[in-house]
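# Structural features, examined
Residues per chain, in single letters:
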Amino acid sequence: MATEQLQTTDRIRAIDAWWRAANYLTVGQIYLMENPLLSRPIEPDDVKPRLLGHWGTSPALNLVYAHCNALIAASDRQMLYICGPGHGGPAMNANAWLDGTWQELYPGTTLQQFFRQFSFPGGIPSHAAPETPGSINEGGELGYSLAHAYGAALDNPDLIVTCVVGDGEAETGPLSGSWQAHTFLDPVADGAVLPILNLNGWKIANPTVLARIPAEDLTAYFRGLGYEPIVVDSARVGDDPFAVHALFDGALRRALATIDDIQAAARAQAARAAAGEMAGAADIRPRWPMIILRTPKGWTGPKEVDGQKVEGTFRAHQVPLPSVRTDDSHRAQLQEWMESYRPDELFDEDGSGIGLLEGIRPAGDLRMSATPHANGGRIRTALERRPLSSFGVEAGSEASSTGTLGPWLAALTADNPSSFRLFGPDETVSNKLDAVFDVTNRVWRAGNGPDDEHIAPTGRVVEILSEHLLEGMLEGYVLSGRHGILNTYEAFAHIIDSMVGQYTKWLESSAGIDWRAPVANLTILLSSHVWRQDHNGFSHQDPGFLDVVASKQQDFVRIKLPADANILLAVAAHAMETTDRIEVIVAGKHPEPVFLSLDDAVAHAEAGSGVWDWAGTEESVGRTDVVLVSAGDVPTVETVAAADIIRQHAPDVGVRVVNVVDLLSLGDARKHAHAMSDERYDELFRPGTPAVFAFHGYPSLVHQLTYRRNGHDDLHVHGFLERGTTTSPFDMLMRNEMDRFALAHDALTRVADGSDRFDELLGKLSAARDAARTYAYTKGEDHPSLADWHFAGWPQDEPASGGAGTDPGTGETESAAPGQ
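Residues numbered from 1 in each chain as written. Predicted model: local features only at pLDDT ≥ 70, side-chain atom pairs only at ≥ 80, totals over all residues. Heavy atoms only, no water.

## Some words on the overall build of the chain
Across its full length, the chain carries 25 helices and 24 strands. Referenced to the eigenvectors of the C-alpha coordinate spread, the extents of the chain come out at roughly 100 × 70 × 45 Å. Element-wise, carbon and sulfur atoms account for 49% of the exposed surface of the chain, whose accessible area totals about 29200 Å². For the chain, the distance from the average site of its 64 positive side-chain charges to the average site of its 110 negative ones is 5 Å. (Helix = DSSP H or I, 4+ residues; strand = E, 2+ residues; numbered from the N terminus. Areas by Shrake-Rupley, 256 points an atom, 1.4 Å probe, with all protein chains shown as cover. Lys, Arg positive; Asp, Glu negative; His and termini not counted. Charge placed at Lys NZ, Arg CZ, Asp CG, Glu CD.)

## Topic: the nonpolar core
Within the largest apolar cluster, 166 residues are counted, with the highest numbers of intra-cluster contacts made by Tyr 31, Ile 291, Leu 334, Phe 693 and Phe 695. Broken down by element, this core gets its largest block of residues, 13 residues, from helix H1 (residues 2-31). (Core = buried A, V, L, I, M, F, W, Y, C linked by side-chain atoms within 4.5 Å. Buried < 20%, exposed > 50% of the residue type's maximum accessible area, 1.4 Å probe, protein only.)

## Description of helix H3 (residues 89-99)
Of all the 11 residues making up H3, 11 are buried; the element is thus mostly covered by neighbouring parts of the structure. For H3, the complete set of buried residues consists of Gly 89, Pro 90, Ala 91, Met 92, Asn 93, Ala 94, Asn 95, Ala 96, Trp 97, Leu 98 and Asp 99. Gly 100, located one to two residues past H3, shows a positive phi value of around 90°.

## Quick look at the environment of Glu 722
Positionally, Glu 722 belongs in the loop between strand E22 (715-718) and helix H22 (729-735). With residues up to four places along the chain from it excluded, the contact list for Glu 722 reads Phe 538, Tyr 698 and Asn 736. At 2.5 Å, the side chain of Glu 722 and the side chain of Tyr 698 are in polar contact. (Contact = heavy atoms within 4.5 Å. Polar contact = N/O pair within 3.5 Å; in protein donor to acceptor, adjacent residues only side chain to side chain.)

## What to know about unusual backbone geometry
Of note in this structure, Asp 76 is not a glycine but carries a positive phi near 60°. The phi torsion at Asp 306 lies on the positive side, around 55°, for a residue other than glycine. As for its position among the elements, Asp 306 is in the loop between strand E6 (304-305) and strand E7 (308-309). By relative accessible area, Asp 306 is classed as exposed at 58%.

## Concerning the sheet that holds strand E20 (residues 655-660)
In sheet architecture, strand pairing relies on hydrogen bonds along the backbone and comes in two forms, parallel and antiparallel. Read from one edge to the other, the open sheet built from five strands follows the order E18-E20-E19-E21-E22, with strand pairing classed as mixed. Of all the strands in the sheet, the pair left with one neighbour each is strand E18 (609-611) and E22. Averaged over all adjacent pairs, the angle separating strand axes in this sheet is 20°, with direction ignored. Sheet topology places strand E19 (residues 626-631) next to E20; five bridges connect them, and they run parallel. Paired with Val 626 across the bridge in E20 is Val 655. Across the sheet, helix H19 (residues 633-649) is in contact with E19, E20 and strand E21 (691-695); its angle to E19 comes to roughly 160°. Along the sheet, helix H20 (residues 678-685) makes contact with E18, E19, E20, E21 and E22, crossing E18 at roughly 40°. (Pairing = 2+ DSSP bridges. Axes fitted to C-alpha atoms, helices over the stretch in contact; angles between N-to-C directions.)

## Some points on the environment of Tyr 477
As for its placement among the helices and strands, Tyr 477 is situated in helix H13 (residues 467-479). Residue classification places Tyr 477 among the buried positions, given a relative accessible area of 0%. Discounting residues that sit within four places of it in the chain, Tyr 477 has contacts with Gly 151, Ala 152, Leu 154, Asp 155, Ser 418, Ser 419, Phe 420, Arg 421, Phe 423, Arg 460, Arg 482 and His 483.

## Looking at the pattern of salt bridges
Within the structure shown, the criterion is met by 41 salt bridges. A salt bridge links Glu 577 to Arg 385, with the shortest nitrogen-to-oxygen separation between them at 2.4 Å. Separated by 192 residues along the polypeptide, Glu 577 in the loop between helix H16 (565-575) and strand E16 (582-586) and Arg 385 in the loop between helix H11 (328-339) and strand E8 (398-400) bring together distant segments of the chain. When its relative accessible area of 47% is taken as the criterion, Glu 577 is described as partly exposed. Across the salt bridge formed by Asp 415 and Arg 386, the nearest N and O atoms sit 2.7 Å from each other. On the criterion of sequence distance, the pair formed by Asp 415 in helix H12 (residues 401-415) and Arg 386 in the loop between H11 and E8 is long-range, its members being 29 residues apart. Taking relative accessible area as the criterion, Asp 415 reaches 26% and is therefore assigned partly exposed. Several salt bridges share partner residues, and in doing so they unite Asp 668, Arg 670, Asp 678, Arg 708 and Arg 709 into one network. (Salt bridge = Lys/Arg side-chain N within 4 Å of Asp/Glu carboxyl O.)

## Structural notes on the packing of H16 against helix H17 (residues 598-607)
Running from N to C, H16 and H17 cross one another at 50°; their axes reach a closest spacing of 8 Å. One finds that H16 runs oblique with respect to H17. The element H16 and its partner H17 pack so that their crossing is right-handed. In this structure, H16 uses Asn 566, Ile 567, Leu 569, Ala 570 and Val 571 to contact H17, whose residues at the interface are Leu 598, Ala 601, Val 602, His 604 and Ala 605. For the contact of H16 with H17, the residue count by class is eight nonpolar, two polar and no charged. (Parallel < 35°, antiparallel > 145°, perpendicular 65-115°, else oblique. Left-handed = near helix turned anticlockwise from the far one by under 90°. Nonpolar A, V, L, I, M, F, W, Y, C, P; charged D, E, K, R; others polar.)

## What about the pairing of strand E1 (residues 78-83)?
The side chains of a regular strand alternate, first on one face of the sheet and then on the other. Within E1, five of the six residues are buried, which leaves the element mostly enclosed by the surrounding structure. In this structure, E1 lies alongside strand E2 (residues 159-166), joined through six bridges in parallel fashion. In the strand pairing of E2, Tyr 81 is matched with Thr 162.

## Focus on the packing of aromatic side chains
Aromatic rings in a pair are described by how distant their centres are and how their planes are angled relative to each other. What the rule picks out here adds up to 26 aromatic pairs. Ring centres 5.8 Å apart and planes at 85° place the aromatic pair Trp 179 and Tyr 227 in the edge-to-face group. Linking Trp 179 in the loop between helix H7 (173-178) and strand E3 (192-199) with Tyr 227 in strand E4 (residues 227-233), this pair joins segments that are 48 residues apart in sequence. What makes Trp 179 buried here is its relative accessible area of 1%. In this structure Tyr 227 comes out as buried when scored by relative accessible area, which is 0%. Ring geometry for Tyr 489 against Phe 492: centres 6.4 Å apart, planes inclined by 10°, an arrangement best described as stacked. Members of the aromatic cluster, each reached through a chain of ring pairs, are Trp 97, Trp 102, Tyr 106, Phe 114, Phe 115 and Trp 515. The ring of Trp 202 carries the charged tip of Arg 212 above its face, separated from the ring centre by 5.2 Å. The ring of Trp 789 has Arg 740 sitting right over it, with the charged end atom 5.0 Å from the ring centre. (Phe/Tyr/Trp six-rings, centres within 6.5 Å; stacked < 30°, edge-to-face > 60°. Lys NZ or Arg CZ within 6 Å of the ring centre and 35° of its normal.)

## As for the state of the cysteines
Inspection of every chain in the model, using the stated rule, returns zero disulfides. Of all cysteine sulfurs in the structure, the one in Cys 163 sits closest to Cys 68, which takes part in no disulfide; the separation is 11 Å. Unpaired in this structure, Cys 83 has its nearest cysteine sulfur neighbour in Cys 163, at a distance of 8.9 Å. (Disulfide = S-S within 2.5 Å.)

## As for the side chain of Arg 331
Structurally, the position occupied by Arg 331 is in helix H11. Residue Arg 331 is classed as buried on the basis of its relative accessible area of 11%. Here the side chain of Arg 331 touches Asp 328 through a polar contact of 2.4 Å, side chain to side chain. Those residues in contact with Arg 331, other than ones at most four positions away along the chain, are Ile 42, Glu 43, Pro 44, Val 324, Arg 325 and Thr 326.

## Looking at the pairing of E20
For E20, the tally of buried residues reaches six of six residues, placing the bulk of the element in the interior. Regarding the hand of the β-α-β motif, the stretch spanning E19, H19 and E20 is right-handed. (Right-handed = clockwise from strand over helix to strand, strands pointing away.)

## Structural notes on the confidence of the model for the chain
Atomic detail in the predicted coordinates should be set aside for any region of low pLDDT. For the chain, the mean per-residue pLDDT works out to 93, and 95% of the residues sit at or above 70. This model gives residues 1-6 a pLDDT under 50, and the stretch forms zero contacts once residues within four places in sequence are excluded. Overall, residues 794-817 carries pLDDT values under 50, and its contacts beyond four positions in sequence, including any with other chains, amount to 54 contacts. (pLDDT = per-residue confidence, 0-100.)

## Concerning the sheet that holds E1
Taken together, the five strands give an open sheet; going across it, the order is E1-E2-E3-E5-E4, and neighbouring strands pair in parallel fashion. For this open sheet the edge positions go to E1 and E4, each flanked by a neighbour on one side alone. Averaged over all neighbouring strand pairs, the angle between strand axes comes to 20°, with direction disregarded. Across the sheet, helix H9 (residues 215-224) lies against E3, E4 and strand E5 (288-294), angled at about 150° from E4, the strand it touches most.

This is the structure we're talking about:
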């Protein structure tokens, strides 16, 4: 017993030494650019001229890191550390330095350089950014840490993800929704997440909500969320570090023992079920542990500055001593503060940790700053993918694009049972991807009912009505080495605008870091889009997510607008094999014409755009009078239909039809390598020839992308004009000047160039629009000639329109009605 007690005491001393060393390095990064080991008294020129960084959250982050390291060193556990509190970068950097990982990844860095680079021009950010070893959570924008943690735990059965959640961060919507993520955690095949809520009581200038509610309400809240809270309150032991270490050591060991018990029980049941010893594994809904850690804000820092209390208040949030360079008393306090950690006991002359620290430093990849789970490209493997030929549909037929993609996703899921997942907010069925349920279920660890469908304790589909949580989990899943797709309604992708923006910044920063290995794309499939949300109304009609994505560095984002089911297969397959990008794909779920064979679709998607000779008339006429361009499935249908109208009723007009799949290839080739060359653009768009562009989203985006292209004044873009309501599909198009009649009218008007040669035809086109609206408003649906239209140019088809047709307004046959 005495020996065991001695070992425990030595462990606590080692943990305290690590904690003091990490605190010292944290303070040094914020303040010093010279004299890193205090070999002489601090002088004004030793201090950075601009003091940036955040001290208040760092002591608790360092405390947790030190304790986790001790457990890893003793047990060889695999652990990933996620730092949720904002601006926790100096603490994460400090521990990577003590681990030795920083020096390995950035060879030759001295302690002075390590201090100087922090929040310094040409240096590193104040957050736990991509430059920080061991990080997959940036921490600048708060709220995503727990979602990242749960995403990283999926399909990682041996991994414990320790996630420190700041009490300010806990007030955000994304974080609040993330507490329920354990509902989708399978204790058999997944790892575990240990949330640690650090209640230091303050944000930048205000108290935090969770720190001020009654203690019994706080624990009841987390029990209601499905956790078993373990409370460590430093105030109960007078904030004495050794006493707090003992309390937290016990709490952490208890939490990990509970996790071990949950996983062991679940895995034993699964093994018995697999051996046929029981009918099926029990549906275990564990009550996972979490730790509530109360410590003072800025613990161990200056207690008072200039007569005002600092430690334990909001004043400790950023830089407690703001005038060290110019104020002698502040400089003396900094000297006293840093010396209180007794650096001479902790560091050698190079600044490496020595003595007790060596006993709790994990080795190799077990170091949390070196774990491959935080550098997922190191362990990423390519997906097993069946040939697309098994899933393509016949050109000339009609098919749902997402309904065609569903079986391909099902095969991808079946063939990659531990490295691919589908995420979505209750819309897998709605978006016609339900073929995946032939091979898997929705994972669900809450209660079950007799009317549930495709709900099971294990599954590859994660559904919850929080795009924040889903996108965050996908990020964590991808950054730790796996692959996935998030599907959602187009209009509601705006919920994750900021998350996608932050992740793009992560990718951009990572691109300049040679030790960060490429990770799988973050792929977002938008369906139930603006042009087919006529029944749901104006609230569901918004294609503006594309504008958000296009505003980012275009080396790291792609926007794909497949025109039919086969092209969707091609772009989805490409998204699943490339890396280090955000891939946004927009595709409808309703049956639409299939324009290209699968082989042609693959070639077209690879090219990014191309001329569809079969849809135009320039070859037969011998010249190009107008270019009709489309990007998006419904715009393409209307563009081909408009070209068909001109073919039938103005056969002497030479029409070129161009389809664009890869939207950002239209951008400025001088700004990013992905854009098509000016020569290629001119070849497609024929500058000097009027071009009428039917675009899926807001017209301004195309103009932004093409403003420096030749002949930009010749480009006339139709798109969503923010004119929506609950109406019929074709009326929705007419409201936004996107229908075939409007496109043909615009094209012919520009070809006529002020002459009256097409006046009669233009009048008929306007009349056809009026008739279509009258029919819809009278009958409650679009005229069959519009709702059931298909291109008549395929040899196997009988012409469905042309010559004589049915007037959309009256239902009577008339001769040569435009668009019939």
